[in-house]
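# Residue-level structural notes
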Amino acid sequence: METISLLESRRVVLGVTGGIAAYKVCALASRLTQAGAEVDVVLTEAATRFVAPLTFEALTGRPAYVSMWHTAAEGLPTHIAHVGLAHAADLMVVAPATANTMAKLARGLADNLLSTLALAAQCPLLLAPAMDVGMWCHPATQANVARLRERGVAFAGPARGRMASGLEGEGRLVEADQLLGHVRHVLGAGGPLAGRHVVVSAGPTREPLDPVRFLSNASSGRQGFALAQAAIDRGARVTLVAGPTHLKTPVGADRIDVTTVGEMEDAVLEASVRADALLMAAAVGDYAPEEVAPEKLKKGPHAMVVRLMRTADVLAAVAASRAESGRPRVVVGFAAETEDLVENARAKLEAKNLDLIVANDVTAPDAGFGAETNRVVLLGREPIPGPAEEPEPTALPLMTKLAVAERVLDRVQDLLQASDG
Ligand code: CTP
């Protein structure tokens, strides 16, 4: 797994309490570590019944802690283990969080290393509850949850599904990728895009020909979803207007699903009328069948001719509304090209009144539609003074779509700062 800039060298205390879901948290410890975080795992005695501290030590490459009473002879910074770990932490996550530990945290009890750390820590606290549905629904637990929420504690889940007891209901630990999403959402808050509203469009559009057929394109939505995630990592409020795709919504994004260009146009216009930035990564179809058959078309003996009509240009509509409202203040377009990349991109930058265009050659197998990686050229109107000042155009090497998203957001940040005056 690639590193995540938000997590690089950040200190995360991962508290593990005694529930059967504790084994699932090994995946989180591993992913956080691979993403670049320094993860200090603290287990309760009960948690060690389910997973050995050694497992976490192997996954994080750091000592895992259980007892308050380590001695210096054990080579651990004991005297102040709880204070030291708590003060160094950028985030404390408790997963799974049992009803018992949540009750302690709600009351401010400090009777083991984990609860003591939670009391000493100044950083944000994220709890991922996991317990039997009856325990979760109990008024005592719900009152504790409400009290913790009031204090600004963040919650991930619990999810619905089948419990270890065989019962169905709410109480399952959220999956590791969701948990990682919550970590990013909480840790990213207050980042350089805090207070900014960013709209991202992603994925393809579909224009129906009949009830079972449509005209579309090969966009996977990955670059747009990576942009949405990167903006959340920087603290932005994100609206994600998504064409049909199977990708999971980044935690924290408000997702609006659309199918046709008309729906995409309405959703983007409505979301961006008060937004700070629009990143138009969607591969919007330029043509739609002129007629949509009400019933499934039957095949005949001859070739079939389908007349196509032009669809709306979403960015043209955005440019028109921006001329009136001044919003969004920054508009970024994307250009998928198969020839004359820079010339075509420059023409679109001008014609669509964009501040920045991200151009990629979609003929390369390792870049563009469907690939995990991308190779793009960034083209702005003029070099923007700021930390990300780069020549125009800037040809970036092959990198992951998340890394491309980071570079695009560096530019967006500079453009927003420049427009703040
Ligand atoms: N776009 C749009 N509405 C359309 C078509 C494209 O808003 N009907 C946006 C895309 O989201 C992208 C940019 O315009 O940000 C450029 O898209 P692209 O398909 O490369 O360019 P087109 O304008 O469609 O031009 P062409 O297909 O002729 O290259």
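Cut-off values and rules
Residues numbered from 1 in each chain as written. Predicted model: local features only at pLDDT ≥ 70, side-chain atom pairs only at ≥ 80, totals over all residues. Heavy atoms only, no water. Near = heavy atom within 4 Å. Polar contact = N/O pair within 3.5 Å; in protein donor to acceptor, adjacent residues only side chain to side chain. Areas by Shrake-Rupley, 256 points an atom, 1.4 Å probe, with all protein chains shown as cover. Helix = DSSP H or I, 4+ residues; strand = E, 2+ residues; numbered from the N terminus. Pairing = 2+ DSSP bridges. Contact = heavy atoms within 4.5 Å. Axes fitted to C-alpha atoms, helices over the stretch in contact; angles between N-to-C directions. Domains from an automatic or database assignment. Buried area = accessible area lost by both parts, 1.4 Å probe. Salt bridge = Lys/Arg side-chain N within 4 Å of Asp/Glu carboxyl O. Nonpolar A, V, L, I, M, F, W, Y, C, P; charged D, E, K, R; others polar.

### A closer look at the site of the ligand
Taken together, 16 residues form the shell around the ligand, and within it Met280, Ala282, Phe334, Lys348 and Lys352 come nearest. At a separation of 3.0 Å, a nitrogen atom of the ligand approaches a polar backbone atom of valine 314. Residue phenylalanine 334 places a main-chain N or O atom 2.9 Å away from an oxygen atom belonging to the ligand. Notes on the ligand: free accessible area 560 Å², of which the protein chains cover 78%. Among the secondary structure elements, those contributing two or more residues to the shell around the ligand are α11 (314-325) and β17 (330-337).

### Some words on the pairing of strand β8 (residues 168-172)
Note on strand geometry: in a regular strand, side chains alternate between the two faces of the sheet. Sheet topology note: the strand β7 (residues 159-162)/β8 ladder contains four bridges and is antiparallel. Bridge pairing links arginine 162 to glutamate 168 in β8. What sits between β7 and β8 in their antiparallel hairpin is a turn of five residues, with glycine 166 showing a positive phi close to 95°.

### Topic: the sheet that holds strand β1 (residues 11-16)
Read from one edge to the other, the open sheet built from six strands follows the order β3-β2-β1-β4-β5-β6, with strand pairing classed as parallel. In this open sheet, the two strands that pair with only one neighbour each are β3 (64-65) and β6 (154-155). In terms of strand pairing, β1 meets strand β2 (residues 38-43) through six bridges, oriented parallel. Looking across to β2, one finds that valine 16 is bridged to leucine 43. Strand contacts of helix α1 (residues 25-34): β1, β2 and β4 (91-97), with the helix running at about 175° to β1, the strand carrying the most contacts. Running over the sheet, helix α8 (residues 176-188) touches β4, β5 (125-129) and β6 and is turned about 150° from β4.

### Examining the domain arrangement of the protein
Per the domain assignment, the segments making up the protein are domain 1 (11-187) and domain 2 (193-420). The centre of domain 1, based on its C-alpha atoms, is set 38 Å off from the matching centre of domain 2. Note on domain 1 versus domain 2: buried area summed over both sides is about 610 Å², and carbon and sulfur give 50% of it. Viewed at the interface, domain 2 and domain 1 are joined by two salt bridges. Measuring nitrogen to oxygen at the nearest pair gives 2.7 Å for the salt bridge that ties aspartate 233 to arginine 184. At the surface where domain 1 touches domain 2, the tally comes to two residue pairs in polar contact (both at pLDDT 80 or more). Looking at the side of domain 1 that touches domain 2 residue by residue, the classes come out as no nonpolar, four polar and two charged.

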